[in-house]
Amino acid sequence: MGEALVVIDVQNDFLPGGALAVAGGDEIVPGINALMDEFHAVVLTQDWHPAGHSSFASSHPGAAPMSLTQMPYGPQVLWPDHCVQGSEGAAFAPGLRVDGDLILRKGFRPEVDSYSAFFENDHTTPTGLEGYLKSRGITSVTLVGLATDFCVAYSALDAVKLGFTVELRRDLCRGIDLDGSLGAAVEEMRGAGVMLRG
Ligand code: VGL
Ligand code: ZN
């Protein structure tokens, strides 16, 4: 019975002062580091967008950051430019342990965003993480990181759908809370069977 810790997007652009800052994002780093030794497998994800990515408001003339648009795969929030491949903003947070087993990058296709660590936002294109975890005998996943209401929630909901036992450490996550998105995400996760702890 394998248990994995999946650390979602603890990157400079999501820390206070970053391009898409999440309040208190820096506070979770020591707790995440301490938790890593308790797991059979540790995976870190990195939001990893090419310049001019379709999820950036700057790629849509006239669109304001944090506004909503329709993509072929459904509604999509338009974000400030963030986590551009190879930039300082895309680097892991200072002090975060990066001695985990796998670093998984996502959001690298120009035309589709990827909140979840398992599937892109079209809900069908896999990242490969399911196969990685299952082939290592992992049946249970604990999620921490940024942001609770976007990449962490999408990852948790997909993990449940894929048959993993899923726990979310709320004390080791921070949210963006765009128009009530944090409360909605927590309720959706609770309803889906994600165990909320911390
Ligand atoms: C995220 C918005 C855009 C996240 C990533 O990591 O939650 N949010 N890209
Ligand atoms: Zn992103």
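Okay, so let's go over this structure. (Residues numbered from 1 in each chain as written. Chains lettered and ligands numbered in written order. Predicted model: local features only at pLDDT ≥ 70, side-chain atom pairs only at ≥ 80, totals over all residues. Heavy atoms only, no water.)

Considering the coordination of the zinc ion (ligand 2)
Four donors placed tetrahedrally around a metal ideally meet at 109.5 degrees, and six donors placed octahedrally ideally meet at 90 or 180 degrees. The zinc ion (ligand 2) binds to the protein through D47 (OD), H49 (NE2) and H82 (NE2); the donor distances cover 2.0 to 2.2 Å. One can describe the site at the zinc ion (ligand 2) as irregular: its four donor atoms subtend angles covering 89 to 170 degrees at the metal. Site description for the zinc ion (ligand 2): donor spacing in sequence, D-x1-H-x32-H. Pair check on accessibility: D47 and H49 agree, each one buried. (Donors = N, O, S within 2.8 Å, 3.2 Å for Na, K, Ca; no water. Tetrahedral: all angles 85-135°; square planar, octahedral: opposite > 155°, others 65-115°. Buried < 20%, exposed > 50% of the residue type's maximum accessible area, 1.4 Å probe, protein only.)

Some points on the pairing of strand β1 (residues 2-8)
Most of β1 is tucked away, with six of its seven residues classed as buried. Bridge count for β1 against strand β6 (residues 138-146) is seven bridges, and the pairing is parallel. Across the sheet, residue E3 finds its bridge partner in β6, namely S140. Bridge count between β1 and strand β2 (residues 41-47): four bridges; the pairing is parallel. (Helix = DSSP H or I, 4+ residues; strand = E, 2+ residues; numbered from the N terminus. Pairing = 2+ DSSP bridges.)

Quick look at the state of the cysteines
Applying the stated criterion across every chain yields a total of zero disulfides. Of all cysteine sulfurs, the one in C151 lies closest to C83, which takes part in no disulfide; the gap is 8.7 Å. Judged by relative accessible area, which is 0%, C83 ranks as buried. (Disulfide = S-S within 2.5 Å.)

What about the site of ligand 1?
Taken together, the neighbourhood of ligand 1 is formed by D9, F14, L20, D47, W79, H82, L146, A147, F150 and C151. In this structure, a nitrogen atom belonging to ligand 1 sits 3.0 Å away from a side-chain N or O atom of D47. In the environment of ligand 1, an oxygen atom lies 3.2 Å from a nitrogen or oxygen atom belonging to the backbone of L146. Protein burial of ligand 1: of its 260 Å² of free accessible surface, 100% is covered by the chains. Per-class residue counts for the shell around ligand 1 are seven nonpolar, one polar and two charged. (Near = heavy atom within 4 Å. Polar contact = N/O pair within 3.5 Å; in protein donor to acceptor, adjacent residues only side chain to side chain. Areas by Shrake-Rupley, 256 points an atom, 1.4 Å probe, with all protein chains shown as cover. Nonpolar A, V, L, I, M, F, W, Y, C, P; charged D, E, K, R; others polar.)

Some thoughts on the sheet that holds β1
Spatially, six strands are ordered β5-β2-β1-β6-β7-β8 in an open sheet, and the strand pairing comes out parallel. Edge strands, defined here as strands with exactly one partner in the open sheet, are β5 (102-106) and β8 (195-197). Taking the axes of each pair of neighbouring strands and ignoring which way they run, one obtains an average angle of 25 degrees across the sheet. Sheet strands touched by helix α3 (residues 148-161): β1, β5, β6 and β7 (165-174). Its angle to β6, the strand with the most contacts, is close to 170 degrees. (Axes fitted to C-alpha atoms, helices over the stretch in contact; angles between N-to-C directions. Contact = heavy atoms within 4.5 Å.)

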